[in-house]
Amino acid sequence: MSPSQHSSPQPDPTAAPPADGDDAVPAALTARAPQVPADRLVAEMVPPPRFQGARFDTYIPDAQQPSQAEAVQVLSDFADGIDAGRAGPGKRRWFARKPAAPQGPRGVYLDGGYGVGKTHLLASLWHATPAPAERKAFGTFVELTNLVGALGFQQTVKTLGEHKLLCIDEFELDDPGDTVLVSTLLGKLVDAGVALAATSNTLPGKLGEGRFAAADFLREIQGLSAHFRPLRIDGEDYRHRGLPEAPAPYDDETVTRTAYRTPGASLDDFPSLLEHLSKVHPSRYGAMCDGIEAVCLTDVQAVPDQSTALRLVVLADRLYDREVPVVTSGKAFDELFSDEMLRGGYRKKYYRAISRLTALARDAGALVAEAR
């Protein structure tokens, strides 16, 4: 029997004998393979827990970067004007053969580097838009394409077409199929009067470069670009602004002890977790983390290939959204991806994952100290 045929390993209760009877056996992410119904995917298209309290007045612009304060004003005005040119709630254009074409771009596109607060601003826009939560959608680009896969294209258009606003975080085009799919989808939604907002580290006209033959899909990319007004946000990564570097990885004993002494923690062997991720659709990674208060991983290693790396990026995003601290042994997070990966077409995804995992590792310091 090959290793992949064995059942997922469970945490070993004997690995770190509890100091007292209050310690509990941690969960194992490798034992979780949740089924997520399509209606949950739609209902959960709201800002993640980390950004539930995000508002324009809680965004602190860097005084050295005037584009940040400008972005707050532009987005605030955008929220106030979202109803312009759209039928009100419950109203349909029964007597029109097709919706009136919107005047100018119906969306705003936040372009900037890592950690300048783009997601905070996008969530603030969602909260500031005058509409009930069920008529506003917020999700990552991956979650949007997963929604199409779960509902089908026509049902996705029908469902999101009833919304006032669609916010797309981490907008990227990784393959030609996504380019055509998203170009067509957003065109339909704009025709239905849906306002769009997106964040990315790539200007809309440059999407897809370095990943596939973007020139062959220039028409679709230009069509996407036409839907958005680009808004550049400059600045340095706030996650590391004036803060110490991420802590070095711990030893296995420390990671295991922290898992047993932290209520709601999970404990997994990193290579086994990577194998498990290949068996769970990325749309379910969020549900896989339900109820997890800390992730403890032993034997962190460099990821072996691009497919595995991209799955890990999605998991890192879901953990960061939920503010789940991460405690590890093995290699440091800046050693997860090879130099070739960091030079390739997905490098921005990998750097984002390193940045976010570093922040979560720093957050875990207090848990480790308490477990000692």
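Since the structure is predicted, the reported quantities are computational estimates derived from the model, not experimental observations. Every chain's residues receive numbers from 1 upward, in the order its sequence appears when written. Per-residue local features are limited, in this predicted model, to residues with pLDDT of at least 70; the limit for side-chain atom pairs, both in listing and counting, is 80 or more; totals at the level of whole chains, interfaces and linings are taken over all residues. As a rule here, side-chain values cover all heavy atoms of the structure and leave hydrogens and water aside.

## A look at the packing of aromatic side chains
Aromatic ring pairs are defined here through the distance separating the ring centres and the angle between the ring planes.
So, point 1. When two rings of Phe, Tyr or Trp (its six-membered ring) have centres within 6.5 Å they constitute a pair, described as stacked for plane angles under 30 degrees, edge-to-face for angles over 60, and tilted for the intermediate range. Tallied over the entire structure, the rule returns 2 aromatic pairs.
So, point 2. Here Phe337 and Tyr350 contribute two aromatic rings whose centre-to-centre distance is 4.5 Å and whose plane-to-plane angle is 20°, an arrangement assigned as stacked. In this pair, Phe337 sits in the loop between β8 (326-330) and α12 (339-343) while Tyr350 sits in helix α13 (residues 347-363), placing the two residues 13 residues apart along the sequence. Taken as a pair, Phe337 and Tyr350 share a single burial class, namely buried.
So, point 3. Against the face of Tyr320 rests Arg50, its NZ or CZ located 3.8 Å from the ring centre.
So, point 4. Comment: the charge-over-ring label is applied if NZ (Lys) or CZ (Arg) is within 6 Å of the ring centre and within 35 degrees of the ring normal. Positioned above the aromatic ring of Trp126 is the side chain of Lys136, whose terminal nitrogen or guanidinium carbon lies 4.2 Å from the ring centre. What counts as a helix is a DSSP run of H or I of at least four residues, what counts as a strand is a run of E of at least two, and both are numbered from the N terminus. Residue exposure (1.4 Å probe, protein chains only): buried if accessible area is under 20% of the type maximum, exposed if over 50%, otherwise partly exposed.

## Notes on the packing of helix α11 (residues 306-321) against α13
So, point 1. The N-to-C vectors of α11 and α13 enclose an angle of 40°; their axes lie 9 Å apart at closest approach. Overall, the two elements α11 and α13 adopt an arrangement that is oblique. As α11 runs across α13, the sense of the crossing is left-handed. Across from Gln306, Ala309, Leu310, Val313, Ala316, Asp317, Leu319, Tyr320 and Asp321 in α11, the residues of α13 making contact are Lys349, Tyr350, Arg352, Ala353, Arg356, Leu357, Ala359 and Leu360.
So, point 2. For the contact of α11 with α13, the class distribution of residues is 11 nonpolar, 1 polar and 5 charged. Helix axes are fitted only over the stretch in contact, all axes being lines through C-alpha atoms; the angle between N-to-C directions runs from 0 to 180 degrees. When an angle is under 35 degrees it counts as roughly parallel; over 145 it counts as roughly antiparallel; between 65 and 115 it counts as roughly perpendicular; any other value is oblique. Should the near helix be turned anticlockwise from the far one by less than a right angle, the crossing is termed left-handed; should it be turned clockwise, right-handed. The contact criterion used is simple: two residues touch if any of their non-hydrogen atoms lie within 4.5 Å. Polar here means any residue other than Ala, Val, Leu, Ile, Met, Phe, Trp, Tyr, Cys and Pro, which are nonpolar, and Asp, Glu, Lys and Arg, which are charged; Gly is therefore polar.

## What about the sheet that holds β8?
So, point 1. The strand order across the open sheet built from 3 strands is β6-β7-β8, with neighbouring strands paired in parallel fashion. Looking at the sheet topology across the chains shown, the edges are occupied by β6 (265-269) and β8. Recorded for the sheet is a direction-independent mean angle of 10° between the axes of neighbouring strands.
So, point 2. When DSSP finds two or more bridges between two strands, those strands count as paired. Both β6 and strand β7 (residues 294-300) contribute to a ladder of 5 bridges, which runs parallel. Counted as the bridge partner of Asp268 is Leu297 from β7.

## A short note on the confidence of the model for the protein chain
If pLDDT is low for a region, its predicted coordinates should not be looked at in detail.
So, point 1. Per residue, pLDDT measures the predictor's confidence, with a range of 0 to 100. Put simply, the protein chain has an average pLDDT of 81, and 77% of its residues get 70 or more.
So, point 2. When the criterion is pLDDT under 50, residues 1-9 qualifies, and its contacts beyond four places in sequence or with other chains add up to 10 contacts.
So, point 3. Scored below 50 in pLDDT, residues 207-218 shows 27 contacts in the model against residues more than four places distant or in partner chains.

## Some words on the environment of Tyr59
So, point 1. Residue placement: Tyr59 occurs in the loop between α1 (38-43) and α2 (66-80).
So, point 2. Note: C-alpha distance between Tyr59 and Leu121 (62 residues apart in sequence) is 7.3 Å.
So, point 3. Residues within four places of Tyr59 in sequence aside, it is in contact with Gln68, Val72, Val116, Gly117, His120, Leu121 and Ile233.
So, point 4. Within 3.5 Å is the distance limit for a polar contact, defined as a pair of N or O atoms, with the added protein rule that one can donate a hydrogen and the other accept it, and that residues adjacent in sequence qualify only through two side-chain atoms. A polar contact of 3.3 Å, which involves the side chain of Tyr59, links it to the side chain of Gln68.

## Digging into the environment of Val327
So, point 1. By secondary structure assignment, the location of Val327 is in strand β8.
So, point 2. With 33 residues separating them along the chain, Val327 and Ala294 place their C-alpha atoms 7.7 Å apart.
So, point 3. In contact with Val327, not counting residues within four places along its chain, are Tyr250, Val255, Thr258, Val295, Cys296, Leu297, Ala364 and Val368.

## Considerations on the nonpolar core
In summary, soluble globular proteins display a tendency toward joint burial of nonpolar side chains.
So, point 1. Within this scheme, the nonpolar core is defined by two criteria: the residues are buried Ala, Val, Leu, Ile, Met, Phe, Trp, Tyr or Cys, and they are joined through side-chain atoms within 4.5 Å. Counting residues in hydrophobic clusters, the biggest one holds 63 residues, and the most contacted among them are Leu121, Leu315 and Phe337.
So, point 2. With 8 residues, the single largest contributor to this core is α11.
So, point 3. Phe337 has contacts with Val303, Ala309, Leu312, Val313, Leu342, Tyr350, Ala353 and Ile354, leaving out every residue within four places of it along the chain.
So, point 4. Grouped together as the second largest cluster of nonpolar side chains are 24 residues, Val36, Leu166, Val182 and Ala287 included.

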